[in-house]
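Chain residues, written in single-letter form:
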Amino acid sequence: MIPRHPPRRRHRCRRRFPSPVHFLLAAITTTVTIAVATAAIANRSFFASAFRTLPHRRHRTCSSPSNRANAMPSTAAAASTNSYSDADAIAASTIPRLSPATLRSLVAHAVSYGAAHGLQVSVRQSHASDTSAHAHAHAHVVAPLSLLPQAYPRRLFVRAVSLAGPFNLLVDRIARDSAFLTRTLRDAGDVDPFTGKLLELYVRLYAGEDGGDDDHRGAFARRADRLGIHRSDYMLHRPDGDHDDEGGYELKQVELNTIAASFAGLAERVAGLHAFLTERSEGEGTLRGFLEENESAVMGTSKDGARENAPDVEDDEEEEWKRGVPRSRATTRLPAAMAIAHERYRRKFLAASDGTPDEILPVVLFVVQPGETNTVDQRLLEFRLWEDHRIPVVRLSLAEVHRRVRLDETDGRLLLLDDDDDAHANENEPTNSNSNERGIRKEITLVYFRAGYAPTDYPSGYDGIEWLARETLERGRAAKCPSLGYHLAGCKKVQQELARPGVLERFFPEPDAEESVVPLLRSAFAGLYSLGADANERDLEAVRDVLFRGGEGRYVLKPQREGGGYNFYGKELADKLRTNCTIADDDETITLGNALSEFILMERLFPPQQRAVLLRNGMVEGSGMTISELGCFGTIVASAEGEVLHNEYAGFLLRTKFSGVDEGGVASGFATLSSPYLC
């Protein structure tokens with residue numbers, strides 16, 4: 001019988017060695033594969049980059065930190081590898097006056113400079129296969145930034161710098177006027193629980209300092225020094241509303257941040273990067289055309305050829321603000337103000353302490369958010385505090401403060417327990433037991449809040465541990481940055497009230513103030529309108545402009561919130577007003593609903609548009625027309641009695657975003673860090 005299939009022959013396996021022909025065929029195949037893949041990648045990069053230059057969809061809420069982290073590459077090195085192909089595609093298609101070779105070089109230098117100088121943000125990486133305590137590792141990538149600086153009128157930059165001191169003083173005086181704060185924020189507090197909680201705590205602890213009920217729970221708080229680290233944000237704006245012509249801009253305030261004013265450290269690094277890139281290219285001339293185009297958009301030229309926003313002659317004498325990227329000294333000046341508050345505490349309370357210097361370790365407390373991604377910006381201040389002043393910093397979340405910080409009710413000391421101790425478990429033990437095995441007691445001299453400015457920082461609710469921790473810190477004798485009064489002084493409703501005629505004069509009664517400080521501050525105010533029970537005819541006319549005359553594009557609706565992502569624009573603004581207003585049959589009589597009391601209506605500002613290339617995670621995110629917002633930092637140290645011990649300008653920040661994006665926060669994912677190019 002013949003088998004259907006012949007039997008298989010068994011062969012001994014022999015190893016075949018490739019001949020030179022095999023090598024040649026393999027090389028040809030590999031070359032063709034790489035060429036095809038490269039073409040595909042180039043096309044994909046081109047279309048992806050071109051898409052990113054389109055106007056961005058307006059974001060309504062902040063992206064969660066976890067979502068932002070998941071979108072980031074694992075390392076800055078990986079990001080820099082991908083950025084060059086994007087740079088070629090974008091330069092070839094969308095960026096006039098900037099060659100692909102120049103752009104590629106700029107991106108490479110920016111990524112390397114960022115890694116070498118700490119111009120980075122932290123990203124959290126989760127490893128699903130790792131179940132240990134180290135499953136969530138932290139890496140760092142280059143912070144979101146504009147590749148090149150933005151043109152800025154030197155005259156208006158100097159104006160913003162000169163406003164830092166007066167705004168610092170204004171915040172301090174508002175914080176001491178509990179009658180003004182209570183009256184101004186009462187309606188907003190009734191409808192916004194967060195503002196209401198802050199105001200209730202402020203009244204309970206601080207109202208006694210100007211004649212109110214002297215609650216003993218606030219006795220130590222009222223005798224504590226106050227440190228303010230503020231940032232006043234501005235936009236260039238043309239008052240006549242004609243946005244087609246160039247030049248003719250004025251400086252208008254967007255908001256005044258009095259708590260957790262961030263990016264001072266990273267902004268200083270960005271200014272260093274931009275100074276390096278622009279000064280290094282001067283001899284080559286590779287950036288001249290790009291910078292001149294933006295300068296023309298901002299400065300403009302009059303009929304006789306003179307620049308409209310050219311600096312005054314007397315300003316040219318100030319060498320510090322010469323043409324180019326100015327230097328920011330924020331990482332020097334902010335820690336210097338902290339050191340003043342720290343040293344005052346040490347002299348007042350620790351020099352005559354019952355313990356020897358070796359038994360007490362005075363520390364500064366940074367209150368931070370869990371999972372914070374902007375740690376480098378904070379660490380730059382922490383490291384400078386140690387390098388320049390030998391002051392140690394401890395970082396705790398509000399939940400950790402509740403567990404590890406004890407208030408001594410006898411003298412107001414805030415004592416820091418070791419990590420394995422519990423402040424509430426040991427409440428009945430003697431105070432001196434709050435020390436480590438070597439007998440060293442850590443005492444907090446200054447509380448610096450980089451958290452606590454939003455309801456999300458208090459996840460346990462209004463009676464939870466985070467609010468208890470906030471109250472514990474506020475009641476202590478340590479200096480606070482900010483105190484509750486300073487915090488409330490930065491509310492949007494306060495900003496709106498200050499713009500009313502005669503209100504600034506309440507805080508500057510000096511004989512010459514009406515001719516100097518008051519006009520300077522008032523010149524920075526944009527149009528601000530109340531939506532509360534105190535709304536007057538001028539305020540209601542702005543509402544009518546939105547509802548009946550199509551003016552929704554001329555205003556912004558702002559709540560009492562910090563952090564970006566909460567404002568209303570355009571149609572959503574109009575819908576919000578219409579839903580919360582009662583309109584009579586005559587279409588003129590308007591009754592504002594109580595829910596609007598937590599908002600203010602602000603004139604929308606229209607800054608000049610400039611060309612920019614924006615980087616995110618070390619890669620080119622896109623290019624196109626952008627707008628910018630300048631922030632000027634100021635620091636003030638004041639005693640409990642109101643004596644101003646320190647008050648100065650302390651650095652700057654410029655944020656740049658695509659012109660199609662309404663919101664402007666860097667941490668919330670809307671904008672990038674940049675710096676001004678003075679001209």
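First, a word on what this report is: a plain description of the structure on this page. (Residues numbered from 1 in each chain as written. Predicted model: local features only at pLDDT ≥ 70, side-chain atom pairs only at ≥ 80, totals over all residues. Heavy atoms only, no water.)

### A closer look at the overall build of the chain
Reasoning step 1: Looking only at helices and strands, the chain features 20 helices and 22 strands.
Reasoning step 2: Per-residue burial for the chain yields a buried fraction of 54% across its 679 residues.
Reasoning step 3: Restricting to contacts in the chain with at least 6 residues of sequence separation, those with at least 24 account for 73%.
Reasoning step 4: When the accessible area of the chain is evaluated, it comes to approximately 30600 Å², of which 52% is carbon and sulfur surface. (Helix = DSSP H or I, 4+ residues; strand = E, 2+ residues; numbered from the N terminus. Buried < 20%, exposed > 50% of the residue type's maximum accessible area, 1.4 Å probe, protein only. Contact = heavy atoms within 4.5 Å. Areas by Shrake-Rupley, 256 points an atom, 1.4 Å probe, with all protein chains shown as cover.)

### Re the side chain of Q150
Reasoning step 1: Inspection of the secondary structure puts Q150 in strand β4 (residues 150-152).
Reasoning step 2: Note on Q150: relative accessible area 1%, which makes it buried.
Reasoning step 3: In this view, Q150 contacts N294, Q610, R611, A612, T626, S628, L654, T656, S674, S675, P676 and Y677; residues no more than four positions away in its chain are not counted.

### Considerations on the sheet that holds strand β17 (residues 599-603)
Reasoning step 1: Spatial strand order, β13-β17-β14: 3 strands in an open sheet with antiparallel pairing. Strands with a single pairing partner mark the edges of an open sheet, and in this sheet they are β13 (528-530) and β14 (555-559). Strand-to-strand twist across the sheet, computed as the mean angle between neighbouring axes with direction ignored, equals 30°.
Reasoning step 2: Here β13 runs beside β17; their pairing, made up of 3 bridges, is antiparallel. (Pairing = 2+ DSSP bridges. Axes fitted to C-alpha atoms, helices over the stretch in contact; angles between N-to-C directions.)

### Here's the deal with the packing of aromatic side chains
Reasoning step 1: On inspection of all chains with the given rule, the structure shows 14 aromatic pairs.
Reasoning step 2: Centre to centre, the rings of F157 and W321 are 5.2 Å apart; their planes meet at 70°, and the pair counts as edge-to-face. You can see F157 sitting in helix α5 (residues 154-175) and its partner W321 sitting in the loop between α10 (288-299) and α11 (330-350), a full 164 residues away along the chain.
Reasoning step 3: On the accessibility criterion, F157 (0% relative accessible area) is buried.
Reasoning step 4: Chaining the aromatic ring pairs together yields one cluster made of F157, W321, Y649 and F652.
Reasoning step 5: The residue whose ring lies beneath R238 is Y249, and the NZ or CZ to ring-centre distance is 4.3 Å.
Reasoning step 6: Of note, R470 hangs over the ring of F449, and the distance from its end group to the ring centre comes to 4.6 Å. (Phe/Tyr/Trp six-rings, centres within 6.5 Å; stacked < 30°, edge-to-face > 60°. Lys NZ or Arg CZ within 6 Å of the ring centre and 35° of its normal.)

### Structural notes on helix α12 (residues 375-389)
Reasoning step 1: Its 15 residues give α12 an end-to-end C-alpha distance of 21 Å, which sits within 8% of 21 Å, the value for a rise of 1.5 Å per residue.
Reasoning step 2: Within the sequence span of α12, burial applies to T375, V376, D377, Q378, L380, L381, E382 and L385.
Reasoning step 3: Phi for R390, located one or two positions after α12, is positive at around 55°. (Expected span 1.5 Å × (residues − 1).)

### Description of the pairing of strand β20 (residues 644-658)
Reasoning step 1: Most of β20 is tucked away, with 11 of its 15 residues classed as buried.
Reasoning step 2: Sheet analysis places strand β19 (residues 619-638) next to β20, joined by 13 bridges and oriented antiparallel. Bridge pairing in β20 places G634 opposite Y649.
Reasoning step 3: Here β19 folds back onto β20 in antiparallel fashion, the turn holding 5 residues, of which G642 has a positive phi close to 100°.

### Concerning the pairing of β19
Reasoning step 1: Counted residue by residue, β19 has 18 buried out of 20 residues, so it is predominantly covered.
Reasoning step 2: Here strand β5 (residues 226-237) pairs with β19 via 9 bridges, running antiparallel. Looking at β19, one finds that D233 is bridged to G631.
Reasoning step 3: Pairing geometry for strand β18 (residues 610-616) and β19, over 7 bridges, is antiparallel. Looking at the pairing, L614 lines up with G622 of β19.

### What to know about the side chain of N567
Reasoning step 1: As for its placement among the helices and strands, N567 is situated in the loop between β14 and α20 (570-579).
Reasoning step 2: For N567, a relative accessible area of 14% corresponds to the buried category.
Reasoning step 3: Within the structure, N567 has its side chain in polar contact with the side chain of Y569 (distance 3.4 Å). (Polar contact = N/O pair within 3.5 Å; in protein donor to acceptor, adjacent residues only side chain to side chain.)

### Here's the deal with the packing of α11 against α12
When two helices pack together, their arrangement is captured by the angle between the axes and the distance separating the axes.
Reasoning step 1: Here α11 crosses α12 at 65°, and the two axes come no closer than 9 Å. Relative to α12, α11 is oriented roughly perpendicular. In terms of crossing hand, the pair formed by α11 and α12 is right-handed. Judged by residue contacts, A330, T331, T332, L334, P335, A336, M338 and A339 of α11 engage L380, L381, R384, L385 and H389 from α12.
Reasoning step 2: Class assignment of the residues belonging to the contact of α11 with α12 gives a composition of 9 nonpolar, 3 polar and 1 charged. (Parallel < 35°, antiparallel > 145°, perpendicular 65-115°, else oblique. Left-handed = near helix turned anticlockwise from the far one by under 90°. Nonpolar A, V, L, I, M, F, W, Y, C, P; charged D, E, K, R; others polar.)

### A few points about helix α7 (residues 193-206)
Reasoning step 1: With 14 residues, α7 should cover 20 Å at 1.5 Å per step; its first-to-last C-alpha distance of 19 Å lies within 8% of that length.
Reasoning step 2: Summarising burial for α7: 10 of the 14 residues are buried, a large majority.

### Some remarks on the pattern of salt bridges
Reasoning step 1: This model, assessed by the stated rule, comprises 41 salt bridges.
Reasoning step 2: One salt-bridge network, in which partners are shared between bridges, spans E537, E541, R544, D545, R549 and R554. (Salt bridge = Lys/Arg side-chain N within 4 Å of Asp/Glu carboxyl O.)

### Brief notes about unusual backbone geometry
Reasoning step 1: Here C481 and P482 are connected by a cis peptide whose omega angle stands at 5°.
Reasoning step 2: Positionally, P482 belongs in the loop between β12 (479-481) and α15 (484-489).
Reasoning step 3: Despite not being glycine, F263 shows a phi value in the positive range, around 70°.
Reasoning step 4: You can see F263 is positioned in the loop between β6 (250-257) and α9 (264-281).
Reasoning step 5: Assessed through its relative accessible area of 6%, F263 is described here as buried.
Reasoning step 6: Of note in the backbone geometry, R390 takes a positive phi value of approximately 55° without being a glycine.
Reasoning step 7: Considering the arrangement of structural elements, one finds R390 in the loop between α12 and β8 (393-396).

### Some points on the environment of F599
Reasoning step 1: Mapped onto the secondary structure, F599 falls in strand β17.
Reasoning step 2: Along the sequence, F599 and Y529 sit 70 residues apart, while their C-alpha atoms lie 9.4 Å from each other.
Reasoning step 3: Contacts of F599, omitting those with residues within four sequence positions, involve L531, L557, K558, P559, Q560, F568 and K576.

### Some points on the environment of S112
Reasoning step 1: Among the secondary structure elements, S112 is positioned in helix α4 (residues 100-117).
Reasoning step 2: Each C-alpha atom, one on S112 and one on V142, is 8.9 Å from the other, the two residues being 30 residues apart in sequence.

Function cannot be inferred from these measures alone, as they are strictly geometric.
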